[in-house]
Amino acid sequence: MGDASPSSATAGATVVRRVPYVVAQGGGEIRYSSYDVLVIGGGIGGLTAAGGASRRWNVGLLTKSSFDDTATFFAQGGIAAALAPFDSPVLHLRDTLAAGDGLCDEAAVRILVEEGPERVRELDRAGIRFDKRKGQLILGTEGAHSVPRIVHAGGDATGSVVAGALVDAIIAGSRVELHEHEFVVDLLTDQGRCVGALSLGRDGELTVSLARAVVLAAGGAGHVFASTTNPDVSTGDGQAMAYRAGAVLRDMEFMQFHPTAFHGSENPTLLVTEALRGEGAYLLDRNGGRFMLGVHPRAELAPRDIVTRKAHEVMMRDGIDFVHLDARHLPCPHLRDRFPTVYQGLLKRGYNLCSDLIPVSPASHYFLGGVVTDHWGRTSVSGLYACGEVTSTGAHGANRLASNSLLEGLVFGERVVRDLERYLSGSRPSVRKIRLGLAEESREGNRGEDVRRLRRRLGLIMSRLCGIVRSAEGLEEAETVVAEVRSQLRLPGRDPEELELINLLTVADLMVRAARMREESRGVHLRSDFPTRNDALWRRHIRVALGAQGEPEVHAERALVMAPEEEEKGRSA
Ligand SMILES: Cc1cc2nc3c(=O)[nH]c(=O)nc-3n(C[C@H](O)[C@H](O)[C@H](O)COP(=O)(O)OP(=O)(O)OC[C@H]3O[C@@H](n4cnc5c(N)ncnc54)[C@H](O)[C@@H]3O)c2cc1C
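Residues numbered from 1 in each chain as written. Predicted model: local features only at pLDDT ≥ 70, side-chain atom pairs only at ≥ 80, totals over all residues. Heavy atoms only, no water.

Undergrad: Tell me what's going on with the pattern of salt bridges, and back it up with residues and numbers.
TA: Scanning all chains against the criterion turns up 51 salt bridges. Across the pair D237 and K64 runs a salt bridge, and its minimum N-O distance is 2.8 Å. Linking D237 in helix α6 (residues 237–244) with K64 in the loop between β4 (59–62) and α2 (71–74), this pair joins segments that are 173 residues apart in sequence. We classify D237 as buried; its relative accessible area is 6%. Notably, a salt bridge pairs D535 with R522, separated by 2.8 Å at the nearest N-O pair. Here the residue D535 occupies a position in helix α15 (residues 535–538), and R522 occupies one in the loop between α14 (496–517) and β24 (526–527), the gap between them amounting to 13 residues. One network of salt bridges, with partners in common, ties together D101, E253, R518, E520, R522, R533, D535 and R539. (Salt bridge = Lys/Arg side-chain N within 4 Å of Asp/Glu carboxyl O. Helix = DSSP H or I, 4+ residues; strand = E, 2+ residues; numbered from the N terminus. Buried < 20%, exposed > 50% of the residue type's maximum accessible area, 1.4 Å probe, protein only.)

Printed below as a string of structure tokens:
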């Protein structure tokens, strides 16, 4: 049993785990560190929480890769906020509820849209170089937004500009201990309270980081599927480790597929931002017909789930695995200036945005499911906060409105900071010493090639059977294959690839179970055998937590009801 403590340790605690930690100690030493607040993740959620918390507390931040390897860094379109004189939080609320297809928590959305503008202004005041004309923010249009409200930077390089500035500010403040390439394996809990995390360094050594509070901001899980826009880090580690630590997860069936990822063989694939359609680009079928006309009054700018479904339907109908994005009628200098990332990315792949039809197809993009939090980022595990894509705050419902997720990271990351004041100012004892209960054996683990083969199999099966269109039969098969893949894995050694596969399997398993249970179609969840939305039975969230026997306990809970007229107005208008 591992024992981790500082030399001056006085207090002790015994960690009680219902499930074993994923790694074993294997006889090696365990390093130790201690913070007031430990943040896991270096995207917008983690950076916002760490930057804010460090004004008062001693903060450590761990990321499993580098700061430029996050979904945040790759974000293109921008941040949605009601900043224009012709806009208002009420309009933004209405659009968000409409996109969410009946499952948003209206109170969470209100917080998002009402606090969002001030968070963006703060970034602007802090000197983040948003795109402006004559000193005024330029606001873009994206799908399902009724007015232009997308703040962007570097044309279509919003994520790298914002993330870069946040990291620079944290480094300049030198109040956060930053550790890149530190893979968090598991959360540490002591009698139901989260007291830190166990991580694996690049050198293969384990570290115990004790903390009075932990903020989980480990992002999404796009790599559950074979084709994704998500960076390599998005393997559902946060959702899986929170689940193992006893946190409640929700909405795990909802994975948003972006309709316009570049259609090629690479994974992750290049996103061809929705903002291009906001500027007037069309979606065409193989005969050059604009297939979104007549499907929705906003045509190519319909909510993302509607565009993805239609693109998928057209691909099936035409017997090809892509559709075309056409921006050839738009002024070329403008395309080059406004979309430098996409323009250059396509050139590298042999396509000219100004003169070529661009082959695009749906790819997994944003995970709506995750760790349940209240409006202050508190999870069901005491001492464990969460923000960003790893969460289910209720702000997105069954389908996220474009450019609302960077906003969510900012708004709820800041709320976490405010609540930490309350939580840490109380009489929270520091945990000085813990008995880990790590298995001691040395493990050989799995061969890299086996791990990669199993991961490919998982991705393909999830894409085919639990992707854009689902059915009871397919989901049953998916459940069997997920279990089969899991059974082929030996206990892991200390290779992050193995640990990621375990996490992907956990997320896939929970996703399939929830997708089987939801016998209706809503938002991004489309069941061919239950093709319509069924509010009478399914205006509910599916919640899941680890049961006492080590199996998931899944149940449906009634969703907080919103004003239906608000929601309906935007969805069909
Ligand atoms: C290509 C692309 C374009 C997008 N464009 C937009 C847009 O224009 N507007 C918008 O609002 N949203 C956009 N999104 C979505 C948005 O970028 C993400 O939802 C958001 O950035 C998530 O932020 P995050 O902080 O939660 O996670 P991320 O930014 O993904 O950061 C996750 C962090 O957690 C760390 N991590 C993960 N697992 C572990 C582990 N086991 N141990 C340690 N660290 C770990 C990672 O290393 C990383 O630092 C886009 C997404 C993609 C992929």
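Undergrad: Please provide a residue-by-residue account of the site of the ligand, values included.
TA: Contacts to the ligand come from 39 residues, most closely from G42, T72, G77, G78 and E389. A distance of 2.8 Å separates a nitrogen atom of the ligand from a polar backbone atom of V184. Between L406 and the ligand, the recorded distance is 2.8 Å, taken from a backbone N or O atom to an oxygen atom. For the ligand, the protein covers 98% of the area, taking 1000 Å² as the surface of the free molecule. When contributions to the shell around the ligand are tallied by element, the ones reaching two or more residues are α1 (44–53), α2, β11 (183–190), α6, β18 (358–367) and α11 (405–425). A total of three residues in the shell around the ligand trace back to one element, the largest contributor, which is α2. Looking at the shell around the ligand residue by residue, the classes come out as 15 nonpolar, 19 polar and five charged. (Near = heavy atom within 4 Å. Polar contact = N/O pair within 3.5 Å; in protein donor to acceptor, adjacent residues only side chain to side chain. Areas by Shrake-Rupley, 256 points an atom, 1.4 Å probe, with all protein chains shown as cover. Nonpolar A, V, L, I, M, F, W, Y, C, P; charged D, E, K, R; others polar.)

Undergrad: Hey, could you go over the domain arrangement of the chain for me, with residue numbers and the actual values?
TA: When the parts of a complex come together, some accessible area is lost, and that lost area is often used as the size of the interface. Domain annotation of the chain identifies domain 1 (13–72 + 160–254 + 366–435), domain 2 (74–159), domain 3 (256–365) and domain 4 (448–559). When each unit is reduced to the centre of its C-alpha atoms, the spacing between domain 3 and domain 4 is 28 Å. Listed as interface residues are seven residues of domain 3 and, on the opposing side, nine residues of domain 4. Of the roughly 660 Å² buried where domain 3 meets domain 4, counting both sides, 75% is carbon and sulfur surface. Considering only the surface of domain 3 that becomes buried against domain 4, F257, R309 and H312 emerge as the three largest contributors, covering 67% of it. Here domain 3 and domain 4 share one residue pair in polar contact (both at pLDDT 80 or more) between them. Secondary-structure elements contributing two or more residues to the side of domain 3 that touches domain 4 are β15 (255–262) and α8 (304–318). The element contributing the most residues to the side of domain 3 that touches domain 4 is α8, with four residues. (Domains from an automatic or database assignment. Contact = heavy atoms within 4.5 Å. Buried area = accessible area lost by both parts, 1.4 Å probe.)

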